[in-house]
Amino acid sequence: MANLNIDSEKNRTYDAIVIGSGISGGWSAKELCEKGLKTLVLERGRDVQHIKDYPTTNMMPWEFEHRNEMPYKVKEENPIVSKCYAFHEDAAHFFVKDNEHPYIQEKPFDWIRGYQVGGKSLLWARQTQRWSDFDFEGPARDGFAVDWPIRYADLAPWYAYAEKFAGIAGDHDGLPELPDGEFLPGYPLNIVEKYFKEKVQKKFPERKVISARCAHLSKPNQIHIDQGRVQCQNRVLCQRGCPFGGYFSSNATTIPWAAKTGNMTLRPHSVVHSILYDEKKGKAVGVRVIDTDTKEEIDFYAKLIFVNAAAINTNLILLNSKSNRFPNGLGNDSGVLGKYVAFHNYSARIYAEYEGLLDYTAEGRNPAGGGYIPRFRNLHKQETDFLRGYAAGFGASRSKESDRSGLGLGLKENLLNPKLGIWQVGSHMMGETIPKESGMVSLDANKTDDWGIPLLKIAVDYDDNDEKMKKDYIAVMTEMFTDAGFTNIRPDTHWQAPGLDIHEMGGARMGHDPKTSVLNKWNQMHAVKNVFVTDGACMTSTSTQNPSLTYMAFSARSVDYAISEMKKGNR
Amino acid sequence: MNRRTAIKQFFIIAGGLTILSSCLNDGGASIVLNKLKLSAEDEQFLADLVDVLIPKTDTPGGKDLNLHLFVIKMVDDCESPENQEKFVSGFNKLRKQLNLANGKETENKLANLTDKTDEKIFFEIFKSHAIQGYMNSEYVMKNKVIYKLIPGPYNGAVKING
């Protein structure tokens, strides 16, 4: 019997364990496997294999039972996920339904999740911009949170590394606030987006309108072909999963790459309960998992643990990893674990029309989505009554619309002969929010989920700074739209709860000082050296850029560091 | 009965979409409904009405494409209980006022419904789903206003001829 146990424990021992298979977990897995470590990848949801498990990917609009609308009953039963722009018949199977993993909203928070192999990498909006020192120096310059323990130079080579493999389309714009990278050709701005860019350049030279950078193979390199991916076909049906591998997802890219090494064991249906800490060894020794099929509790062991469960679930796992040494959660000597959670303020948009350039239109679909305006507010110095600033998306489109008035022959004739309308333009803000101690997630003392794991309580909200920033965004965009001759300008400031931006960050922040942060400059726990966190939980501040590319770079950089330390015998 | 025939009887094609048909021969609607209660007679009236909205010409009309079934399906699954109620009561009121045999009169009547009445709300819901089903039908998307799954390269500055 004893021998049996030893064998069984041996069978459950790996060199490394990665918790999560989304964007950051996929990268951790790929890097660890490529470097020869036998790696167990734990995923709480089901397996989703590239192409094979994209059931809707080639469906025509008329093949959807409700023409892609969600039934009333589904919306009523899922008020949270129904708010997500991509929750429709073609992709609903990749979203967590509200009742599948309940949580407690101490303050309104729309937690949007994808529990499957690939996580939200199947569903993301694929916008990929580097951070710059204007971002990493933010907290130190403006006196909030704690100083980032890294600067742009630390991450730059890893951005390049991640970009080359993932495939990022973009132009070289030469902007210090949005550093250029290893780009595939960028997608062009359309004629009205270009017109707006030129108008803005003339009147407001410090504001830039560039082509949005995105994780699409505009022109694949050999490395992408080696991954089995081909050029993006501009379908812009990405949320269904792409049979061409036209955009970066874990499923199309990192997970199959890791599998090809022969070093990866992928274990779906494995909810992580906690990370096991050995007081004598002074380090983590493994991970406790609940098999969602059998409800069995199983421990897996490894020398190295990467936590990539996605920001909020990473916090949940760490908070639930309690031991004598860490009664308040793994590595939580500082007491800041679960705190300083922040997000991006997406709660303002603005729309207008343009009656010029009517002898032109755009054809096809742009995977990048159009233009991007990097942060210009408070960039070089503090100049407004709010801290930090916002980036903005900008897009113009001209579509054919049918006159739907009347009925009978006239209606039918009109429906079959849609006419080009005028140009429609729109923008949305992506505001940096300031992490606060009160912005936190914690464990409920009594209520547990289906797996006996405490329910998470979320208390994250906007503040005055966000309100001021929102007003400024509307004023600035109105000014620029007016100057460009756009008409029927319509600001839209309807409130949306934090979370719906799907850019939740922080809780296990990086920092120099173990007294005020959880992770060091290598995304390594100050107090538990063999545990690394390289997903959104590690973020000290939020900046305005979409964060995923930074998680990819962090994952690759941290694996490289962890393995070099192992080789030096420092583990 | 061979399997193919059996399957045919279970499914009805509405605008290219297959809808589970009702197996019951009870004078009810021909498709499975969860909320709405419609008789075969009601269904026939809606079929005639959808042809008033989108008549048959040298191309198929609403009835040919089974758009009335699509509307019923959408109202049954996707509309709120309040809208479903208005839809049914508006329908019951309106059908008594319409003489579908007289096309001109019907068109006039439908074009001049009083705002906020159940009749008007019914007809707005009916029309919007009928148009949705029509524009998203296999026939229209393949033959008239073409939908391409793979649209080809993006061109952001296409000069319009003429």
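On a predicted model such as this, the values are computed, not experimentally measured, just so you know.

S.K.: For this particular structure, what's the right way to read the packing of helix 2 (residues 23-34) of chain A against helix 13 (residues 548-567) of chain A?
M.R.: Between two packed helices, the angle of one axis relative to the other and the distance separating the axes together describe the packing. All names here are of chain A. Axis separation between helix 2 and helix 13 bottoms out at 8 Å; the angle between their running directions is 30°. Considering the angle they form, helix 2 stands roughly parallel to helix 13. Here helix 2 runs over helix 13; the crossing is right-handed. Two secondary-structure elements touch here, helix 2 through Ile23, Ser24, Trp27, Ser28, Glu31 and Leu32 and helix 13 through Ser548, Tyr551, Met552, Ser555, Ala556, Val559 and Ile563. The residue makeup of the contact of helix 2 with helix 13, split by class, is 8 nonpolar, 4 polar and 1 charged.

S.K.: Looking at this structure, how should I read the interface of chain B and chain A?
M.R.: Buried accessible area, meaning the area lost when the parts come together, often serves as the stated size of an interface. Each partner contributes residues to the interface: chain B has 52 residues there, and chain A has 47 residues. Carbon and sulfur atoms make up 64% of the area that chain B and chain A hide from each other, which totals about 4,100 Å². Per-residue buried area on chain B facing chain A is highest for Leu149(B), Tyr154(B) and Ile160(B); these three make up 18% of the total on that side. Across the contact surface, chain B and chain A share 2 salt bridges. Residues Asp359(A) and Lys159(B) are paired through a salt bridge, measuring 3.0 Å at the closest nitrogen-oxygen approach. If you look at where chain B meets chain A, you find 20 residue pairs in polar contact (both at pLDDT 80 or more).

S.K.: What should I look at first to understand the layout of surface pockets in this one?
M.R.: Remark: the empty space left among the atoms is shown by a probe the size of a water molecule rolled over them. Residue and element names in this part refer to chain A. If you add up the space inside the second largest pocket, you get close to 270 Å³. Looking at the second largest pocket, it is lined by 16 residues, and the ones nearest its centre are Arg44, Gly45, Glu100, Tyr115 and Trp451. The residue makeup of the lining of the second largest pocket, split by class, is 6 nonpolar, 5 polar and 5 charged.

S.K.: Explain the side chain of Thr534(A) here, please?
M.R.: All names here are of chain A. Its place among the elements puts Thr534 in the loop between strand 24 (531-533) and helix 13. Relative accessible area serves as the criterion here: at 0%, Thr534 is assigned to the buried category. At 2.6 Å, the side chain of Thr534 forms a polar contact with the side chain of Asn308. There is a polar contact of 2.9 Å between the side chain of Thr534 and the side chain of Ser555. Setting aside residues no more than four positions away along its own chain, Thr534 makes contact with Ser24, Ser28, Phe306, Val307, Asn308, Asn523, Tyr551, Phe554, Ser555 and Ser558.

S.K.: Would you mind going over the nonpolar core with me for this structure?
M.R.: Soluble globular proteins tend to pack their nonpolar side chains together in the buried interior. Counting residues in each nonpolar core, the largest one holds 101 residues, and the members touching the most others are Ile19(A) and Ile275(A). The element contributing the most residues to this core is helix 6 (residues 152-166) of chain A, with 8 residues.

S.K.: How should the sheet that holds strand 21 (residues 454-459) of chain A be read in this particular structure?
M.R.: One key point about sheets: their strands pair by backbone hydrogen bonds, in either a parallel or an antiparallel sense. Residues and elements named next belong to chain A. The 3 strands lie next to each other as 3-21-20, forming an open sheet whose pairing is mixed. On the outer flanks of this sheet lie strand 3 (104-105) and strand 20 (440-448), each paired with one strand and no other. Where strand 20 and strand 21 come together, 5 bridges link them in antiparallel fashion. Within the sheet, the bridge partner assigned to Val441 lies in strand 21 and is Ile458. Packed onto the sheet, helix 10 (residues 311-320) meets strand 20 and strand 21 and runs at close to 60° relative to strand 20.

S.K.: Got a minute to help me understand the environment of Pro153(B) in this structure?
M.R.: Locating Pro153(B) in the fold gives a position in the loop between helix 7 (138-143) and strand 3 (155-159). Judged by its relative accessible area of 70%, Pro153(B) is exposed. Along the primary structure Pro153(B) and Lys63(B) are separated by 90 residues, whereas in three dimensions their C-alpha atoms are 37 Å apart. With sequence-adjacent residues up to four places away left out, Pro153(B) is seen in contact with Asn234(A), Glu363(A) and Gly364(A).

Conventions adopted
- Residues numbered from 1 in each chain as written.
- Chains lettered and ligands numbered in written order.
- Predicted model: local features only at pLDDT ≥ 70, side-chain atom pairs only at ≥ 80, totals over all residues.
- Heavy atoms only, no water.
- Axes fitted to C-alpha atoms, helices over the stretch in contact; angles between N-to-C directions.
- Helix = DSSP H or I, 4+ residues; strand = E, 2+ residues; numbered from the N terminus.
- Parallel < 35°, antiparallel > 145°, perpendicular 65-115°, else oblique.
- Left-handed = near helix turned anticlockwise from the far one by under 90°.
- Contact = heavy atoms within 4.5 Å.
- Nonpolar A, V, L, I, M, F, W, Y, C, P; charged D, E, K, R; others polar.
- Buried area = accessible area lost by both parts, 1.4 Å probe.
- Salt bridge = Lys/Arg side-chain N within 4 Å of Asp/Glu carboxyl O.
- Polar contact = N/O pair within 3.5 Å; in protein donor to acceptor, adjacent residues only side chain to side chain.
- 1 Å grid on protein atoms, 1.4 Å probe; cavity = no way out; pocket = protein on both sides within 12 Å on 5 of 7 lines; lining within 4 Å.
- Points joined across faces, edges and corners; volume = space filled by probe spheres on them.
- Buried < 20%, exposed > 50% of the residue type's maximum accessible area, 1.4 Å probe, protein only.
- Core = buried A, V, L, I, M, F, W, Y, C linked by side-chain atoms within 4.5 Å.
- Pairing = 2+ DSSP bridges.

Interpretation note: all reported values are geometric properties and have no functional meaning in isolation.
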